[in-house]
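Structural overview
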Amino acid sequence: MKNDFLLLALCVFLVPWFVGSSPASPRERISFNADWRFLKVETEATPNLAPAEPGFNDSQWRKLNLPHDWAIEGPFKTDVPNSIGMLPSAGVGWYRKRFDVPASDRGRRVFLEMDGAMSHAQVWLNGHLLGEWPYGYTSL
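The rules we used
Residues numbered from 1 in each chain as written. Predicted model: local features only at pLDDT ≥ 70, side-chain atom pairs only at ≥ 80, totals over all residues. Heavy atoms only, no water. Helix = DSSP H or I, 4+ residues; strand = E, 2+ residues; numbered from the N terminus. Buried < 20%, exposed > 50% of the residue type's maximum accessible area, 1.4 Å probe, protein only. Areas by Shrake-Rupley, 256 points an atom, 1.4 Å probe, with all protein chains shown as cover. Salt bridge = Lys/Arg side-chain N within 4 Å of Asp/Glu carboxyl O.

For the protein chain, the helix and strand inventory stands at one helix and five strands. The burial tally for the protein chain puts 15% of its 140 residues in the buried class. Roughly 11700 Å² of accessible area belongs to the protein chain as shown, and the carbon and sulfur atoms make up 58% of that amount.

Here is the structure:
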């Protein structure tokens, strides 16, 4: 048993030394939570997809940082079942963010991870639908 542990310890500590301690293309995680624009549209109808277009004017939208949950901003509704917590969940919430990709990142793979997106979430980039998920609070 001691020999097994020693072998494992040697592999853990020496393999990075032989292979090299830094990968050829290091990964970088950057928080994307700051400087979003938000608008809630009170509608049950199919949403207008104009805000998904790159040139859409969102200058009058509210500025905020994520995480954010527009349903809990209220006002709470007493005429709906308690099973939904009386949350005003009807409507469509739009979140928009402008960003520039540095020239040094051109040609690299970039992953955008959305955590905690609620029901019927869609992610658009420059007018193109990247992905969607019809269920609640999951990663996209």
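The full count for this structure, using the stated rule, is five salt bridges. In this structure, the salt-bridge partner of Glu-113 is Arg-29, at a minimum N-O distance of 3.9 Å. Of this pair, Glu-113 sits in the loop between strand 3 (92–96) and strand 4 (121–125) while Arg-29 sits in the loop between helix 1 (2–19) and strand 1 (36–41), placing them 84 residues apart in sequence. What makes Glu-113 partly exposed here is its relative accessible area of 49%. Take Arg-29: its relative accessible area is 78%, and that puts it in the exposed class. Asp-105 serves as the salt-bridge partner of Arg-108, at 3.0 Å between the closest nitrogen and oxygen.

None of the figures reported here should be taken as evidence of function without further support.
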